[in-house]
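Analysis of the macromolecular model
Spelled out from the first residue to the last, the chains are:
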Amino acid sequence: MKQLNIMLKSIDQVKTFVNEVSGIDSDVFLCSGRYVIDAKSIMGIFSLDLSKPLTVEIENWDEEYMNIFQKYLVK
């Protein structure tokens, strides 16, 4: 399992993120505090506090997935 810290700063970013993550053939989760949701669920993402960094957990990591997450990484 791979974990990355990301920020989703706008509604458009959330939409793009969900579209890109939906193409991953693995379970992808977003964690915010004690809440864990399916990262492929736009409604689930909007239930989180997007003003703080989120942790992405990818079950079967492939290095090519970094292309998807690169633009969302917390710097």
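Report on the accompanying structure. Bear in mind that the values here come from a model prediction, so they are computed numbers and not experimental data.

**Structural notes on the pairing of strand β4 (residues 54–58)**
Burial of β4 is extensive: four of the five residues sit out of reach of the surface. As judged from the five bridges shared by strand β1 (residues 2–6) and β4, these two strands associate in the antiparallel manner. Following the sheet pairing, leucine 4 is matched in β4 by valine 56.

**Focus on the packing of aromatic side chains**
Summed over the entire model, instances satisfying the criterion amount to four aromatic pairs. Among the aromatic residues, those joined into a ring-pair cluster are Phe17, Trp61, Tyr65, Phe69 and Tyr72. The residue whose ring lies beneath lysine 2 is tryptophan 61, and the NZ or CZ to ring-centre distance is 5.5 Å.

**Some details on a nonpolar patch on the surface**
On the surface, a nonpolar cluster with roughly 410 Å² of combined accessible area is contributed by Ile11, Ile42, Met43 and Phe46. No other element matches the three residues that helix α2 (residues 42–46) contributes to the nonpolar patch. Looking at the element boundaries, isoleucine 42 is found in helix α2. Residue classification places isoleucine 42 among the partly exposed residues on the basis of a relative accessible area of 31%.

**Thoughts on the side chain of serine 32**
With respect to the helices, strands and loops of the structure, serine 32 is situated in strand β2 (residues 28–32). Taking relative accessible area as the criterion, serine 32 reaches 13% and is therefore assigned buried. Setting aside residues no more than four positions away along its own chain, serine 32 makes contact with Leu48, Asp49 and Leu54.

**Details of the nonpolar core**
Counting residues in hydrophobic clusters, the biggest one holds 21 residues, and the most contacted among them are Leu8, Phe17, Leu30 and Phe69. Among the secondary structure elements, those contributing two or more residues to this core are β1, α1 (11–21), β2, β4 and α3 (66–69). Each residue touching phenylalanine 17, except ones within four places of it in the same chain, is listed here: Ile6, Leu8, Leu30, Ala39, Ile45, Val56, Phe69 and Tyr72.

**A few points about the environment of serine 22**
Along the chain, serine 22 falls in the loop between α1 and β2. Judged by relative accessible area, serine 22 falls into the partly exposed class, the value being 41%. Separated by ten residues in the primary sequence, serine 22 and serine 32 place their C-alpha atoms 20 Å from one another.

Quick notes on the rules
- Residues numbered from 1 in each chain as written.
- Predicted model: local features only at pLDDT ≥ 70, side-chain atom pairs only at ≥ 80, totals over all residues.
- Heavy atoms only, no water.
- Buried < 20%, exposed > 50% of the residue type's maximum accessible area, 1.4 Å probe, protein only.
- Helix = DSSP H or I, 4+ residues; strand = E, 2+ residues; numbered from the N terminus.
- Pairing = 2+ DSSP bridges.
- Phe/Tyr/Trp six-rings, centres within 6.5 Å; stacked < 30°, edge-to-face > 60°.
- Lys NZ or Arg CZ within 6 Å of the ring centre and 35° of its normal.
- Patch = residues over 30% accessible without salt bridge, like charges linked within 9 Å, V, L, I, M, F, W, Y side chains within 5 Å.
- Areas by Shrake-Rupley, 256 points an atom, 1.4 Å probe, with all protein chains shown as cover.
- Salt bridge = Lys/Arg side-chain N within 4 Å of Asp/Glu carboxyl O.
- Contact = heavy atoms within 4.5 Å.
- Core = buried A, V, L, I, M, F, W, Y, C linked by side-chain atoms within 4.5 Å.

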